[in-house]
Structure formats: structure tokens, C-alpha cells
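# Observations on the three-dimensional arrangement
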Amino acid sequence: MLTRQTSYWIFGALLAIACNDAAPEKTPDYQHLEGKKPVSEPLVSHIYTADPSAHVFNNRVYIYPSHDTATGINSENDNGDHFDMQDYRILSMDSIGGKVTEHGVGLTLADVPWAGRQMWAPDAAEKDGKYYLFFPAKDKQDIFRIGVAVGDKPEGPFTAQPEAIKGSYSMDPAVFKDDDGSYYMYFGGIWGGQLQNWDAQNNYTAGDQLKKPEEIAALPRIAKMDSTLLEFAETPREVQLVDENGNLFKELDNNKRFFEAAWVHKYNGKYYFSYSTGDTHLICYAVGDNPYGPFVYKGVVLKPVAGWTNHHSITQVNGKWYLFYHDVQLSGKTWLRNVKVTELKHNADGSIETIDPYYN
Ligand code: FUB
């Protein structure tokens, strides 16, 4: 298996060749932008933000991002130690393109009794006038769990439950509300996200459990939420992500297999499961007929962005669909990202028009 660092450098080198770009002076993360212009600008520049999960609550757009900070861990490793976030800060705007408000600290690591470090990509949901922030963090044993914090306003402040969700593990929770009022959490991510340490029956095995190239790739997980939204209503199960012949992807299919950043949106009665391929830096999507899948791979939503990670959400605002995503335009550093938004189009046949985040 290529390490993150190695695959990054190969990827960067290929891009450099493709762009006919000689020895870069800037950090390699920034090469992707050389000679190109971004299709959108950072939504805020006074703080670093990433992994944007966007929702419309009370006719306002709320974005739940990770809050990237310079923590002294300034080199990348496959464990993701350079993503050492300490709190969440919610953003909002009355419309796409409108003024962005940053609401201050919504939840901090010190106020989560069970958490030890690394507040990674969150999501949020509303139910009966309460707002629920779902977030991953490593517990005191350094195992990723997923917690819930509750607030009276979309922007918080949020109060964390004393314990993580029972039976939760790994990271990148995305909570989808279906039309019948059911809520489902999708979660999981390999490498630093630890999904490879959990089997299909939700048993944990420590140590390096990464899949070999010929093995079936790790699958994302789903669990229906109970009526309180504080716990799972069922044992998590695997989400089948398959090719057009119904076959699961192998680990070597790393331009299509799941890595992290699950998200689900519903369009014309179909369930669209989108996700990051991690070490190949794509946001891909697959379509299914119900929340549990199977989801059949359809294509690429977003080409690679500047920076190692690619993480998004897809949300409808005032009748149009938008892709919220991030890159490293402001910092040039993979662990100091900035969130962005651009329009996303569904074609007449239901496919999604691939977005290139940069143009010449
Ligand atoms: O922000 C930390 C991690 O990086 C997220 O949880 C992943 O999805 C990746 O974006």
C-alpha cells in the first residue's frame, strides 16, 4: 500500500507533469492551483474551516465545518495526526453568496467528557425545535467514537452527552433525514479514521488491519437513529457500494472505493450516496433505491482539490443544488483548509455533472 505521503507525491508529480509545471517553490499542496483559477472563493478567511456539512434551518443556510488550527503538528502522516482540531465553529448565511456569519465556539473538546483529541468532520440535524451536532473524536483510549451535542439554536452552543453514542466507532458522521421523518447516520473512514479496525459485526481488532489490494474494500456504515437522536436504534451495518454489475469494489479500485466523507441526498426519489476516495482525492457518487442501499457507482462529483483531503456536502437551497467543499487556497497546507460552495447540477438522466474546482 502506498502511504498517504507517497501517494500524495506521486499524485502531485503527475499533476505537475500534466500541467507542464517545473519545480514548484510553493508547498506541494498548492501545486494543484498553479496557473489555474478556483471556481469559488473561501467563504471565510479569518479562520480555517473544512469538511462542510450544510443544511437549511429556518430559511437560513448553516454550515457545520471542522475548525482547522495550527497546533504545532505541522507534518502529515497516514494517521491524520496533523488534523488536531479543538472545537467547532458554525457558519451561516441567509443565501448563497450572502454575508457569512461565524458564530463563535459551538462546542469545545474540553466540554466533551468522553473525548481525548481530534474533533473531526461533524454534521447536524434538527428535530422538534432542537438541534443536534454529531461529531467524531478520539476517546481517552485513542479510538474514534461519534458523539452528540444538543442545542436550542442551529449555531449552538451545544451541550455534549456524557458518553459517545453506544456502538459508534470511526468518524465522519452524516445524518440524513428521510421524507418519512426517519434519521439515518452514515459513518466511517479508513486509514486514520480507523474503519479498517472494525469488522462487519462491529468487532474491534487493534493494529494494522488495512485491506490488501486484492481484498474487498472496507464499506461505510449506516445505523438508523432512535427517536431521541441521541442513540442508534439498531446495530450498525455495512453499506453496499457496488459497480454496475453488482460487485463490491476491491481495495485496489481506489479511484472508486469508499475512503471517508459519506453524504446522502435525495433527488427525484433516488438516494445519492457520495463519498471521498481519499488517496485518489475524488468525490464520487452512487445511487440507490432506499437509505440502506445497495448503491451503484455512477461517477465523479468533484475532481481533486488543492490539499490532500476532499470532503463535501450536497444541499438544496432555494430550489438549486449546491456542493459545499474545501481546498487549501488560503494556506497551501493540507491541515489548514477553507470551505467553499459552488452550484451542482443534476442532468436530465439523474446523473451529476462533474465539477472541476479549477479552470484555466
Ligand atoms: O478533517 C479531518 C478529516 O479529514 C475528516 O474527518 C476527513 O473527512 C478529512 O477531510
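Rules used throughout
- Residues numbered from 1 in each chain as written.
- Predicted model: local features only at pLDDT ≥ 70, side-chain atom pairs only at ≥ 80, totals over all residues.
- Heavy atoms only, no water.
- Near = heavy atom within 4 Å.
- Polar contact = N/O pair within 3.5 Å; in protein donor to acceptor, adjacent residues only side chain to side chain.
- Areas by Shrake-Rupley, 256 points an atom, 1.4 Å probe, with all protein chains shown as cover.
- 1 Å grid on protein atoms, 1.4 Å probe; cavity = no way out; pocket = protein on both sides within 12 Å on 5 of 7 lines; lining within 4 Å.
- Sits in = over half its atoms within 2 Å of the grid points.
- Points joined across faces, edges and corners; volume = space filled by probe spheres on them.
- Helix = DSSP H or I, 4+ residues; strand = E, 2+ residues; numbered from the N terminus.
- Nonpolar A, V, L, I, M, F, W, Y, C, P; charged D, E, K, R; others polar.
- Buried < 20%, exposed > 50% of the residue type's maximum accessible area, 1.4 Å probe, protein only.
- Pairing = 2+ DSSP bridges.
- Contact = heavy atoms within 4.5 Å.
- Lys, Arg positive; Asp, Glu negative; His and termini not counted.
- Salt bridge = Lys/Arg side-chain N within 4 Å of Asp/Glu carboxyl O.

### Concerning the site of the ligand
Residues in close proximity to the ligand total 13 residues, the closest being Asp51, Met85, Asp172, His311 and Arg337. At a separation of 2.5 Å, an oxygen atom of the ligand approaches a polar side-chain atom of Asp51. One of the side-chain nitrogen or oxygen atoms of Asp172 is found 2.5 Å away from an oxygen atom of the ligand. Contact with the protein chains covers 99% of the free accessible surface of the ligand, which is 280 Å². More than half of the atoms of the ligand fall within 2 Å of the grid points belonging to the largest cavity.

### Brief notes about the layout of surface pockets
Considered as a void within the structure, the largest pocket measures approximately 550 Å³ in volume. If you trace the largest pocket, you find 24 residues lining it, with His55, Phe176, Lys177, Val264 and Thr315 closest to the centre. If you list the elements that add at least two residues to the lining of the largest pocket, you get strand S2 (48-57), strand S7 (123-127), strand S11 (174-177), strand S12 (183-187), strand S16 (260-267) and strand S20 (313-317). Taken together, the residues that form the lining of the largest pocket break down as 14 nonpolar, four polar and six charged.

### Some details on the pairing of strand S17 (residues 270-276)
Among the seven residues in S17, six count as buried, and that is most of the element. Sheet analysis places S16 next to S17, joined by six bridges and oriented antiparallel. Bridge assignment links Tyr267 to a residue of S17, and that residue is Lys270. Counting the residues that bridge the hairpin from S16 to S17 gives two residues, and of these Asn268 lies at a positive phi of roughly 50°. By the bridge criterion, six bridges tie S17 to strand S18 (residues 283-288) in an arrangement that is antiparallel. Bridge pairing in S18 places Ser276 opposite Ile283. Hairpin connection, S17 to S18: the antiparallel pair is bridged by six residues, and Gly278 has positive phi, about 60°.

### As for the sheet that holds S16
The strand order across the open sheet built from five strands is S15-S19-S18-S17-S16, with neighbouring strands paired in mixed fashion. Two strands close off the open sheet at either side, each with one partner strand: strand S15 (241-242) and S16.

### Focus: empty space enclosed by the protein
Over the atoms, a rolling probe the size of a water molecule traces out where space has been left empty. Within the structure shown, the criterion is met by four cavities of 30 Å³ or more. Put simply, the largest cavity is a space of about 140 Å³. Along the walls of the largest cavity sit 15 residues, with Phe83, Trp120, Glu260, Thr309 and Arg337 positioned nearest its centre.

### Some details on the environment of Tyr184
With respect to the helices, strands and loops of the structure, Tyr184 is situated in strand S12. Residues Tyr184 and Pro173, 11 residues apart in the sequence, show an inter-C-alpha distance of 9.8 Å. Each residue touching Tyr184, except ones within four places of it in the same chain, is listed here: Ala174, Val175, Phe176, Asp178, Ile222, Ala223, Lys224, Met225, Pro291 and Tyr292.

### What to know about the side chain of Lys127
Relative to the helices and strands, Lys127 resides in strand S7. The buried charged residue Lys127 lacks any salt bridge partner; its closest oppositely charged side chain belongs to Asp128, at an N-O distance of 4.7 Å. Look past the residues within four positions of Lys127 in its chain and what remains in contact with it is Tyr132, Tyr183, Ser227 and Leu229.

### Observations regarding the pattern of salt bridges
If you walk through the whole model with that rule in mind, you get 20 salt bridges. Across the salt bridge formed by Arg337 and Asp51, the nearest N and O atoms sit 3.6 Å from each other. Highlighted residues: Arg337 in the loop between strand S21 (320-327) and strand S22 (338-344) and Asp51 in strand S2, separated in sequence by 286 residues. Per residue, the accessibility class of Arg337 equals that of Asp51, and both read buried. Residues Asp139 and Arg145 are paired through a salt bridge, measuring 3.2 Å at the closest nitrogen-oxygen approach. A relative accessible area of 23% places Arg145 in the partly exposed class. In this structure, a network of salt bridges that share partners links the residues Asp51, Asp68 and Arg337.

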